[in-house]
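Structural features, examined
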Amino acid sequence: MLLLTQPHRRFNPLKNEWILVSPGRTKRPWNGKQETAQTEQQPTHDPNCNLCPGNTRASGEKNPQYTSTFVFQNDYPAMRDESGDSVSIEQSESDALFNAEAVHGACKVVCFSPRHDLTLAQMTPEQIFQTISAFINQMNELKTQHHWVQVFENKGALMGCSNPHPHGQVWASNFVPNELAREDENQKIYFEKHSSPLLVNYLESELNKKERVVTENNEWAVIVPFWATWPFETMVLPKFHISNMTALTNDQITSLAEMTQKLLIAYDRLFETSMPYSMGWHFAPFNNQENAHWQLHAHYYPPLLRSATVKKFMVGYEMLAQAQRDLTPEEATQQLKALI
Ligand code: H2U
Ligand code: ZN
């Protein structure tokens, strides 16, 4: 297949943008930056960790002796609720060149485990189930007051994560953020044209083609998207149509937890390192509409390219022109699939 050996570009229908694919470019010599692989073994409890059970946080508050997951209000929130505002920002609609508006929101931290030294990849499917449930509980709690609740995990020092204690975050906002708004619009346009959700049709085709399927079970599939940007980017998709994450049943979450564990173990095996990544869930915003065009999915964006110490830099051409990748999504799939 010509696409696999020659530079080409692929279209990302979710984002409505192109990505440049340059197969074989990982073979070029590398004298650039080497990251330090995180190899040090963490203690099960770190007296200096703000997230460990029984320890004191930056706010001065003491964490309980939690035994499963634990959620607290971020002590340094990126957004606050309305009550904290002393000055209001006037929306300057009259001048499109100087447009700003006030935002409100809530930010929380979800500790995945009392164990400081574990990662999700090392947890049991039951424990992973608890972390997904904790995220869903937050959505249910926050959805009445907010248009969007982004849940995510930013893992590893390489990703700028400040603490190895396994944790994720919840940022709820009174606005729909850019990435969501784009996916919303593009799925809507597709649905109007095809009367079927974009990602439902997409997964169906991928399951037939099999070229980019990393792993699957009865309810879920992990694929390297045809239009993947990051070298080993994946998407987790349900095999059923569901526009909102809060509608998942316990059985569906159980099977998602099993699938997640498999994926994360494969990621860790790939470069024999605890794989850094940013991941998060996308689904319909909380707007009291039917949102039939939406399909729930998770994105995993790991930055590593060649090894535990060489990452992909999205700079230069990527910043100024468009994203580019150095190995094909099909090659990435083969490598990940072999590790499942
Ligand atoms: P990361 O940003 O590296 O994931 O760090 C954890 C979050 O935890 C971060 O958003 C919050 C930080 O604001 N945090 C607290 O709220 N209290 C603390 O005592 C430490 C960290
Ligand atoms: Zn800790």
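Summary of the structure given here. What you see is a predicted model; the values in this text were computed from it and never measured. Once a new chain begins, its residue numbering starts again from 1 and follows that chain's sequence as written. To read the labels, note that chains go from A and ligands from 1, taken in the order they are written. In view of the model being predicted, local features appear only for residues whose pLDDT reaches at least 70, and side-chain atom pairs are presented and counted only at 80 or more, with totals across whole chains, interfaces and linings using the full set of residues. Side-chain metrics in this entry use all non-hydrogen atoms of the structure; hydrogen atoms and water are not considered.

1. Considering the sheet that holds strand E14 (residues 324–325)
Only when DSSP finds a minimum of two bridges between them are two strands counted as paired. Where helices and strands are cited, they refer to DSSP runs of H or I of at least four residues and of E of at least two residues respectively, numbered from the N terminus. With mixed pairing, three strands are arranged side by side in an open sheet as E1-E2-E14. With partners counted over all chains shown, the strands left at the sheet margins are strand E1 (8–12) and E14, one partner each. In the sheet, strand E2 (residues 17–21) pairs with E14 via two bridges, with the strands oriented parallel. Residue pairing in the sheet places Val21 in a bridge with Arg325 of E14.

2. Thoughts on the side chain of Thr234
Locating Thr234 in the fold gives a position in strand E9 (residues 234–238). Buried residues are those whose accessible area, probed at 1.4 Å on protein chains only, stays under 20% of the maximum for their type, while exposed residues exceed 50% and partly exposed ones sit between those limits. A residue is classified by how much of its surface remains accessible, and Thr234, at 0% relative accessible area, is buried. Polar contact is defined as a pair of N or O atoms within 3.5 Å, subject to the rule that within protein one atom must be able to donate a hydrogen and the other to accept it, and that residues adjacent in sequence are counted only when both atoms are side-chain atoms. Within the structure, Thr234 has its side chain in polar contact with the side chain of Tyr267 (distance 2.9 Å). Look past the residues within four positions of Thr234 in its chain and what remains in contact with it is Val214, Val222, Ile223, Val224, Pro225, Leu263, Tyr267, Ala298, His299, Tyr300 and Leu336. In what follows, a contact means two residues having at least one pair of non-hydrogen atoms within 4.5 Å.

3. Looking at the coordination of the zinc ion (ligand 2)
Each metal's donors are the N, O and S atoms found within 2.8 Å of it, except that Na, K and Ca use a 3.2 Å limit; water is left out, so coordination can look incomplete. Protein-derived coordination of the zinc ion (ligand 2) comes from Cys49 (SG), Cys52 (SG), His116 (ND1) and His165 (ND1), at a distance range of 2.0 to 2.4 Å. Geometry at the zinc ion (ligand 2) is tetrahedral, judged from the four donor atoms that bind it and their angles of 100 to 117° at the metal. Linear spacing of the donor residues for the zinc ion (ligand 2) on their chain is C-x2-C-x63-H-x48-H. Residue Cys49 is located in the loop between E2 and strand E3 (70–73), and its partner His116 is located in the loop between strand E4 (105–111) and helix H2 (125–142); the two are separated by 67 residues in the primary sequence. Side by side, Cys49 and His116 carry an identical accessibility label, which is buried. Labels for metal geometry use angle windows, namely 85 to 135 degrees for all angles of a four-donor tetrahedral site, and for square planar (four donors) or octahedral (six donors) sites opposite donors over 155 degrees apart plus all others within 65 to 115; sites meeting none of these are irregular.

4. Side note on empty space enclosed by the protein
Residues are said to line a cavity or pocket when one of their atoms sits within 4 Å of a point; the points come from a 1 Å grid over protein atoms alone, cavities being sets where a 1.4 Å probe fits but cannot get out and pockets being open sets with protein on both sides within 12 Å along at least five of seven lines. Grid points are joined across faces, edges and corners, and a volume is the space filled by probe spheres set on the points. Across all of its chains, the model carries one cavity of 30 Å³ or more by this definition. Its volume calculated, the largest cavity comes out at about 110 Å³. Lining the largest cavity, in full, are Phe112, Leu120, Ile128, Thr131, Ile132, Phe135, Glu153, Thr260, Met279, Trp281 and Tyr300. Counting only elements with at least two residues in the lining of the largest cavity, the list comes to H2 and strand E10 (277–282). Among the elements that take part in the lining of the largest cavity, H2 stands out by supplying four residues, more than any other. Under the scheme applied, nonpolar residues are Ala, Val, Leu, Ile, Met, Phe, Trp, Tyr, Cys and Pro; charged residues are Asp, Glu, Lys and Arg; polar residues are all the others, including Gly. Residues of the lining of the largest cavity, tallied by class, amount to eight nonpolar, two polar and one charged.

5. Quick look at the site of ligand 1
Neighbouring ligand 1 are Asn50, Arg57, Ala58, Phe72, Asn74, Asp75, Tyr76, Val109, Cys161, Ser162, His167 and Gln169. Here Asn74 contributes a side-chain N or O atom positioned 2.6 Å from an oxygen atom of ligand 1. Within the contact set of ligand 1, an oxygen atom lies 3.0 Å away from a side-chain nitrogen or oxygen of Gln169. Here ligand 1, which alone exposes 460 Å², has 84% of that area covered by the protein. Grouping the constituent residues of the shell around ligand 1 by class yields five nonpolar, five polar and two charged. Nearness is defined per residue: one heavy atom within 4 Å of the molecule or strand is enough. Values of accessible area rely on a 1.4 Å probe in the Shrake-Rupley scheme; residue burial ignores everything except the protein chains shown.

6. A few points about the packing of aromatic side chains
In summary, the pairing rule links any two rings of Phe, Tyr or Trp, Trp by its six-membered ring, whose centres are within 6.5 Å, and it sorts them by plane angle into stacked for under 30 degrees, edge-to-face for over 60 and tilted for everything else. Following the criterion strictly, the structure yields 13 aromatic pairs and no others. Here Trp220 and Phe240 contribute two aromatic rings whose centre-to-centre distance is 5.6 Å and whose plane-to-plane angle is 80°, an arrangement assigned as edge-to-face. Of this pair, Trp220 sits in strand E8 (residues 220–223) while Phe240 sits in the loop between E9 and helix H5 (250–270), placing them 20 residues apart in sequence. Ring pairs connect the aromatic residues Tyr66, Phe70 and Phe72, which therefore count as one cluster. Above the face of the Trp18 ring, Arg9 is positioned so that its terminal group lies 3.9 Å from the ring centre. Over a ring means this: the NZ of a Lys or the CZ of an Arg is within 6 Å of the ring centre and within 35 degrees of the ring normal.

Treat this as a map of the structure, not an account of what it does.
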